[in-house]
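Residues per chain, in single letters:
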Amino acid sequence: MATEHWTFCLFTLCLYIGLLACSPCNFTSELNTEKKLNESIYGSDGAIMFMLEGPQDNCYIDLDFVFEFIHNNTQETAMKHENTTKEVLLKEYEFVCSSSISVHFFTKNSTFDTTSRHANLFVALLLGVCSVYLEELSLIAKYGTIWSIVQSDALIHVPSQKTSCTFAKQLRIIHSKIDCVSETKFFWEFCDEVFEKVNILQLEACATKHVNIEAETLIQRFPEVQALQLNNIDLSTKMTFPWTDMYADSANIRTFISSDADMNKSVSSMGRDFRIYNSDIVNMVCLNGIISNIVINNANFNSNQSEIFRNVTGLYKVEISNNTMTEINAFLFRNQTDIKSINLQQNQLNTIPANIFEDQHHLLFLDLSFNNLSSLDRNLLKNQQFLQELHLENNRLPALPHDFLKEQIGSLKFLYLYSNPIKTIPVMPLYGARIEIIDVHGSEITGESLINLANNINIYDFLKGIADHRESKSSTKDRGESLQRPLLDLSFCNIRDIHLNLKVKNKMSMGILVLFKTFSIKGNGNPFKCNCGLYAIRLLFTIKETQTLKLDWVCEYPEELKGRKVTSLTDRDIYCPINVTDCPRLCICYMRYDFSSLIVDCRNINMSILPPVMPKVPLELWFKNTSLLKLDQRDYLVNVSVLDISENKLTRFQPLTASKLQNVTILNIENNHFTSLPVQIRYTNIKSIYLDGNPLKCDCHTKWMKAWLHNRSCPVMDWNAIQCTDNAKRVNTFVTTPDSVFVCPEIETPSIAEHVVIPSTIIGSFVFIILILSLTIYFQRFTVRVLLYMIFGVRLCYRLDNDHGDVKYDSVVIYDKCDQNFVNRNVKSHLKVLNYGVADIYDHSVIGLTFIDGIKKLICNSKVTIFFLTKNSLDNDLIITLWNITSERVFKRNLDSIILVLDKEFREKYTEENMRLYVKAGRYIKKDSSLLLKSIQYLMPPQKPLNQNLESNDNELDFEDIGAGDVYLTEQNHRITANTFDEFSDERQPDIFIVFPDVIDELHQLVRYTIIPYLLERNQRVSVLQDDFVFGEDIRIGIESRLNKMKHVVFILSEEILEDEVLQYILCAILTKAFLRSGNYLLLFTYGLIDENKMPENLKKFINSHITASISDTNFKDRMLEAITFEENQDIDNEDTESVAIENCEDDEKLI
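Let me sum up the structure you'll find in this document. (Residues numbered from 1 in each chain as written. Predicted model: local features only at pLDDT ≥ 70, side-chain atom pairs only at ≥ 80, totals over all residues. Heavy atoms only, no water.)

So, the overall build of the protein chain
- Scanning the protein chain for helices and strands turns up 23 helices and 48 strands.
- The 1152 residues of the protein chain split such that 49% are buried.
- Once local pairs closer than 6 in sequence are excluded, the contacts in the protein chain between residues at least 24 apart make up 66%. (Helix = DSSP H or I, 4+ residues; strand = E, 2+ residues; numbered from the N terminus. Buried < 20%, exposed > 50% of the residue type's maximum accessible area, 1.4 Å probe, protein only. Contact = heavy atoms within 4.5 Å.)

Right, here's the structure in full:
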C-alpha cells in the first residue's frame, strides 16, 4: 500500500509541475438527476455534462472541484451492488468539447487511501470530442470506481510504452474507437492489466482503414465478455463466441446506455450479444453457446452460410441486414424456436423460401424491407400466429397472396407495405382485432382499388373485428379517454376519384361506409379530382355515423378547387360533365351538382372569337387563355353569371357588350390588353371584378374609373392596387393619381419626314436586301439545291424521270484516259458505295463494235451520262466527238440527262457551240468544287433495281497460276469437258468460231476447259476453228465458206500468231470479213505482250478503230458473252424508243 501511495504522489507531483504552464478549462455544467440515457428505461442515477467551448487546447480540469460540486448538488439514490449490502450510485460524467482539443485531469489532493474513496460511487465516463490522456484516467479512480468508458468522437492519448491502468480491474463497459488519422491501436492495448470484469466490449475502427486483431488477444484481455460488437474490425485468426462459461443476467449487471445513438447499443439483461458491422469476418467466427442477440450488418453474408446458427441456443433477436445476398438459405433458422425478432432489411433478396420461418412459432417482429421481393408464398407466415409487426416496404410487390396474414388476424398490429407497386389493399389485416397501422403510402393504389376492397370485405367478419378491436383497446384505456381509430395510410398514391353511389345500399357502399367509419384513412399527396366521383366521399361525412370524424383529403383538381378540403365542398362547388346541345366544339360542358348553372369550359383552346351560339340555360363561361382577340356582343351573354376571359389578347371592351352583362356576378378580365373600360360596366350587377394585369391608361377615357374605385360598393378586387400609365409613361396608382393627369394628348399633324420619308427608306432598304438575296440565290441556285439535298434529302426541280425503261446502268462515265485515276478514286468509288451501277467506256463497251458505236450503246443503256472534260480532253478528238453525239441526243430529250464536270482550263478554252448553253446557264459542276460528289449524287436519278448486275460473281480463273501442261477444271467442267464436244456438234452446228494458238498450253487449257464449257452452258454454239477441218485439209481452201456461216469469231491474238503463216492467213481472212460486215463480227482478245511493229496494217487499223479486250481482264468471259449475245438489229440511234424525261419545273432560263 505504501508503494502505491508514493507512486501516486510522484505521478501527481510530475503532473502538477507540468500543468503550471497550463490554464484551467472554462466550462459550463448541466446537472440532470433524472436522465434516462438514449430514451431507454435503463439509466444512470444522474448525469452531469461539462461543456467546453472555444479554443482552449491543453487546459486542465480540477477533479476535486468536480466531485465536490456533485456531492453538494445531488441527492444520492442507492441501489444494491452485486451481493453486498453497500449502497452504490451510478453517475455519468460527460465531457463534451465544441472542437477537437486535449483536456488534462488534475487533483491537488495526493492522499491515496482506498478507505477514504467513495466506495459507493460508480463513474460512467462519456468522452465527446474532448481528448484525454490515458495516464490521467487513474486519477478518477480516487473518487470512485470507473464503471464504463465510452469514446464518442474523442481520442485517448496513449504513452509510447505500456503503462499501469489501475481502473482496468473494475471496468465493466468499454466502447473504444480509433480515428482515421493518427491512431493505429486501441487505448486498452497500452494497459498492463487484464480487463477481467468487462462484460460489454464495443470496438470501432475507421471505415476506410480496418484494424486487424487476433482473436486470442480479445480472449486474453477480456475473459468475461458477454456482449461483443466489432465495427470495421478484421480478425487474423478464427474466434469462437462466447469464449466464457460465465453468464450475466439482470441480477449481476447494472444496465448502462451510452448516448451515442449510432454505434452504442443498449446492453440489456437479456443475455449475450454479438454484433458485426462493416467487417468481412463471418467466416472467421464460430458462434457456439447461449447468445440472445446477433447482428451481422454489411458483413458480406451469403446464402452459403446456412450453419452459422447451428450451435447457438437461446437466440432471441437476429439481424442480417445491409448485405449483398440475393437469396437466403431455407435452413438458416432451423431449430431456433426462441427467436422473436428477425431483421433481413436492406439486402438484395429476390425470393424468400416458403419454409424458412417454420420453426419460429413465437416470432413477434419480421422485417423484409428494402429488398427486391416481387412475390411471397401464401404459407410463408403460416406458423407465426403471434406476429405483431411486419415490414415489407420498398420491395417490388404488386400484390399480396390471397388470404395472406389470415393466421395473424388476432395478433398483427403494424403492417408496412409502402413504396411497393402494389395495386390492391390486403383484406385480411382489416379484420385484425389489434391492428393499429396499415401503411401502403407511395404505392399504386387508385380509387378503383378502394372500390374493389369494399366489394371484397366480408361485412360480418369486419364488424366482428371492429368489436374485438374496441374491446382490446378499451381494456388498456382509461374510461374518460376516447379510442383512437387504426390508421390506413394511403397518402401519395394515385387516387383521383372514387365512383360511388351512396343512394344505393349495396355491398360496395356499405363496405366503404364501414371502412371510413372504422379506419382513419390518410390520403394527403393524392391527385384528388373533386368531381362527381369524389363527391360521394364528401357526402359520406355528412351522415350521422361519420360526421364527427376527420378527413385530411385535399383537392388537387380542378384548378379552382385546388387546396380545398373534400369535406368542405358544397353542392355548388361540384360539377359533372354533361352532353348538351349547342355545346361549342372542342369545349366541355359541365352541370353544377345543384343544377344552378351550366359551365362551358373552353380554357386553353385556340379560339379568337366567342362562339356564335350557346345552350339556352344559365351559363358560366370559362374562356381563360383561349387567344381571344375580340369580345363580340352575343345574345346569350344575358344568361351568363360567371364570365372568365382572363389571359387573352383583348384590347377593347365594347359598350354594347358591357350592357349585356346584367346578370354577371363574377367578371375576370385579368392579364389582357385593355387600356380602358366602358362606363356602362359600373351600372351592372357585377359583385366581383378582377382587373389586374391590364395596361390601363390615365387619360380622359378612364377618368371616371377613379371615382368608381373610391366608391365602397366598387366590385373591383384589390382596387387600391390598380395602376395606370400616364402620357409621360409613368406608372401610377389609379386612386392616388391627380385628376389633372387624366387628359388625352393632343392630336399632332403628322410630318412628311416622319410618316413618308423614313418608312419609305426602311421599306426600300428591306426590298434592296431581298433583291440582293434573291439574285444571290438565283445565281447560286444549284448550290442551294445541293445543300438542301444534303441537309434535308429534298430534290428541288428535279426533271429526270425515274422510269428509264430496260436499262443496264444508272450512269456511264466518259473521260480522257489521263483522268482515269481521279475518276476511279473520287466518282466511281463514291457512286458504287451508294449502290449505283456505273459503266466505264474503257471497261464496259461491247467488244467488236467501233468505239463510237460501243459508247453509243453504253449511253443508250444508261440513265445518266457523266462527262469529265478537262484540259486533257481539249486535244482528244474521241471525247469531243462523243460530246457532240451525246449533246445532240439530249437536246431532243432532257438536258438533265448529262452531268457535266469541267475544270477551269477547259472552261476558258472550249470552242464547241453546243456546250455554250451548258456553260452559260451554269449547268456544270466544277471539278475542284468541295461539293463535287454531293452535286453528282444530287443529279443522279433516284435508285431503282437494275435488270442486271454490273459485275459477275462467277468464280474467275487466275491465268498466271496455271502452269504448262496442267488441266484446270471448274465445278462446271465436271459435266462438260472436251470429250463431250462431239455430242453437241451432232445436235447443233456451231455459229461461233474460236481461233487461238493451240501450241500454248495455257491457252489450250483456258479455251478448251474454261471458255468453251462456259459458253456451251449458256446455250452458245461454239467450237474451235481448227477442229472444223479434217486432218490434212488445206485451211485456206475451206475457210471462206466456213467464215460466212459464222455470226461471231473469237480471235485470241498472241505473239505466236504473228509468226505462224497459216494463222496469219486466217487472221487476214477474218479481218476482211469484219470490215465488210456490220456489227461485232470479230471479237479480238489479246494474250501477253505483242510487238506492234510485227502487226499487219489491216490489224492495226482494226485495233485502232474497234473495241478489243485482254484475256488478263478478270471479267473477260462476261464481256465475251455480252458481245456474243449483242444483237445487230438493235438500233442504238433510235431516239424515239428511249424513255423521255418529264419536266418537273420550269427551265432555269425562264426563271430569270
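Section: the state of the cysteines
- Tallying each qualifying case throughout the model produces 9 disulfides.
- What pairs with Cys-97 in a disulfide is Cys-130, and their sulfur atoms sit 1.6 Å apart. Classification of the bridge connecting Cys-97 and Cys-130 rests on its S-S torsion, roughly 110°, and on that basis the disulfide is right-handed. Placement of Cys-97 in strand β5 (residues 87–97) and of Cys-130 in the loop between β7 (121–128) and β8 (132–133) is noted, with a sequence separation of 33 residues between them.
- A relative accessible area of 4% places Cys-97 in the buried class.
- When its relative accessible area of 1% is taken as the criterion, Cys-130 is described as buried.
- One disulfide bridge connects Cys-698 with Cys-724, the sulfur atoms lying 1.8 Å from each other. (Disulfide = S-S within 2.5 Å.)

Points about the pattern of salt bridges
- One pass over the structure, following the stated rule, counts 30 salt bridges.
- Note that Arg-275 and Asp-273 form a salt bridge whose closest N and O atoms lie 2.7 Å from each other. The same class applies to Arg-275 as to Asp-273, namely buried.
- Ionic pairing is found between Lys-624 and Glu-559, a salt bridge with its closest N-O pair at 3.5 Å. On the criterion of sequence distance, the pair formed by Lys-624 in the loop between β33 (619–622) and β34 (640–644) and Glu-559 in the loop between α7 (532–540) and β30 (575–577) is long-range, its members being 65 residues apart. (Salt bridge = Lys/Arg side-chain N within 4 Å of Asp/Glu carboxyl O.)

Notes on the nonpolar core
- Membership of the largest hydrophobic core comes to 148 residues, with the highest contact counts inside it found for Phe-333 and Trp-553.
- What Trp-553 contacts, discounting residues up to four positions off in sequence, is Leu-450, Ile-498, Phe-516, Ile-521, Lys-522, Gly-523, Phe-528, Leu-534, Ile-537, Arg-564, Lys-565 and Val-566.
- In terms of nonpolar packing, the next biggest core, distinct from the first, is built from 46 residues, Leu-610, Ile-645, Leu-667 and Val-716 among them. (Core = buried A, V, L, I, M, F, W, Y, C linked by side-chain atoms within 4.5 Å.)

A word on the packing of aromatic side chains
- Under the definition given, this model contains 24 aromatic pairs.
- Between Phe-653 and Phe-674 the ring centres are 5.8 Å apart and the planes differ by 35°, which places this aromatic pair in the tilted class. Here the residue Phe-653 occupies a position in the loop between β34 and α8 (655–659), and Phe-674 occupies one in the loop between β35 (666–668) and β36 (688–690), the gap between them amounting to 21 residues.
- Relative to Phe-868, the ring of Phe-822 has its centre 6.1 Å away and its plane inclined at 70°; by these criteria the two rings are edge-to-face. Here the residue Phe-822 occupies a position in helix α12 (residues 820–833), and Phe-868 occupies one in strand β41 (residues 862–869), the gap between them amounting to 46 residues.
- Take Phe-868: its relative accessible area is 0%, and that puts it in the buried class.
- Ring pairs connect the aromatic residues Phe-27, Phe-50, Phe-95 and Phe-105, which therefore count as one cluster.
- Sitting over the ring of Phe-822, Lys-927 keeps its end group 4.6 Å from the ring centre. (Phe/Tyr/Trp six-rings, centres within 6.5 Å; stacked < 30°, edge-to-face > 60°. Lys NZ or Arg CZ within 6 Å of the ring centre and 35° of its normal.)

Quick notes on the packing of helix α19 (residues 1001–1017) against helix α23 (residues 1116–1125)
- Two numbers describe how α19 lies on α23: the axes approach to 11 Å, and their chain directions differ by 50°. Here α19 lies oblique to α23, going by the angle between them. Crossing of α19 over α23 shows right-handed handedness. Contact residues: Leu-1006, Thr-1010, Ile-1011, Tyr-1014 and Leu-1015 in α19; Phe-1116, Lys-1117, Asp-1118, Met-1120, Leu-1121 and Ile-1124 in α23. (Axes fitted to C-alpha atoms, helices over the stretch in contact; angles between N-to-C directions. Parallel < 35°, antiparallel > 145°, perpendicular 65-115°, else oblique. Left-handed = near helix turned anticlockwise from the far one by under 90°.)

Focus on the sheet that holds β41
- Ordered by their spatial adjacency, 5 strands build an open sheet running β40-β39-β41-β42-β43, and the pairing between neighbours is parallel. At either end of the open sheet lies a strand with only one pairing partner, and these are β40 (838–840) and β43 (925–926).
- Pairing analysis gives 5 bridges linking strand β39 (residues 809–814) to β41, with the strands arranged parallel. Within β41, the residue paired with Val-813 across the bridge is Ile-866. (Pairing = 2+ DSSP bridges.)

Here we look at the pairing of strand β22 (residues 317–321)
- With 4 of 5 residues buried, β22 lies mostly within the body of the structure.
- Two elements, strand β20 (residues 293–297) and β22, share 5 bridges in a ladder whose sense is parallel. Residue pairing for β22: Ile-294 is matched across the bridge by Val-318.
- Across 3 bridges, the pairing between β22 and strand β23 (residues 341–343) is parallel. Bridge assignment links Lys-317 to a residue of β23, and that residue is Ser-341.

Remarks on the environment of Tyr-593
- Examined against the element boundaries, Tyr-593 turns out to sit in the loop between β31 (588–592) and β32 (598–601).
- Not counting the four nearest positions on each side in its chain, Tyr-593 is found in contact with Cys-532, Tyr-535, Leu-539, Asp-571, Ile-574, Tyr-575 and Cys-576.

A word on the sheet that holds strand β48 (residues 1109–1110)
- What the 5 strands build is an open sheet, ordered β45-β44-β46-β47-β48; its pairing is parallel. The open sheet is flanked by β45 (1022–1024) and β48, the only strands paired with a single partner.
- Contacts from α19 reach β44 (992–995), β45 and β46 (1048–1053) within the one sheet, and its direction differs from that of β45 by about 165°.
- Along the sheet face, α23 touches β44, β46, β47 (1082–1086) and β48 and points at about 165° away from the line of β47.

A word on the environment of Phe-653
- What makes Phe-653 buried here is its relative accessible area of 4%.
- Through-space distance from the C-alpha of Phe-653 to that of Gln-633 is 10.0 Å; in sequence the pair is 20 residues apart.
- In contact with Phe-653, not counting residues within four places along its chain, are Leu-631, Ala-658, Leu-661, Leu-667, Ile-669, Phe-674, Leu-677, Pro-678 and Ile-681.

Describing the side chain of Gln-360
- Tracing the backbone through its elements, the reader meets Gln-360 in the loop between β23 and β24 (365–367).
- Gln-360 has contacts with Phe-333, Gln-336, Ile-339, Ile-342, Asn-383 and Gln-384, leaving out every residue within four places of it along the chain.

Quick word on unusual backbone geometry
- Going from Phe-241 to Pro-242, the amide bond is cis rather than trans, its omega being -5°.
- In the segment running from Tyr-557 into Pro-558, the intervening peptide bond is cis, with an omega of -5°.
- Of note in the backbone geometry, Asp-403 takes a positive phi value of approximately 60° without being a glycine.
- Within the element layout of this structure, Asp-403 appears in the loop between β25 (389–391) and β26 (414–416).
- For Glu-647, which is not glycine, the phi dihedral falls at a positive 55°.
- Tracing the sequence through the fold places Glu-647 in the loop between β34 and α8.
- Given a relative accessible area of 36%, Glu-647 falls into the partly exposed group.

Section: α7
- The buried count for α7 comes to 7 of 9 residues, which makes it a mostly enclosed element.
- Burial in α7 covers these residues: Gly-533, Leu-534, Tyr-535, Ala-536, Ile-537, Arg-538 and Leu-540.

Structural notes on the pairing of strand β14 (residues 227–231)
- Most of β14 is tucked away, with 5 of its 5 residues classed as buried.
- The side-chain alternation of β14 yields two buried faces, one formed by Ala-227, Gln-229 and Asn-231 and the other by Leu-228 and Leu-230.

Regarding a nonpolar patch on the surface
- On the surface, Ile-763, Phe-766, Val-767, Phe-768, Ile-769, Ile-770, Ile-772, Leu-773, Ile-777 and Val-784 cluster together to form a nonpolar patch covering roughly 930 Å² of accessible area.
- In terms of residue count, helix α10 (residues 752–779) provides more of the nonpolar patch than any other element does, 9 residues in total. (Patch = residues over 30% accessible without salt bridge, like charges linked within 9 Å, V, L, I, M, F, W, Y side chains within 5 Å. Areas by Shrake-Rupley, 256 points an atom, 1.4 Å probe, with all protein chains shown as cover.)

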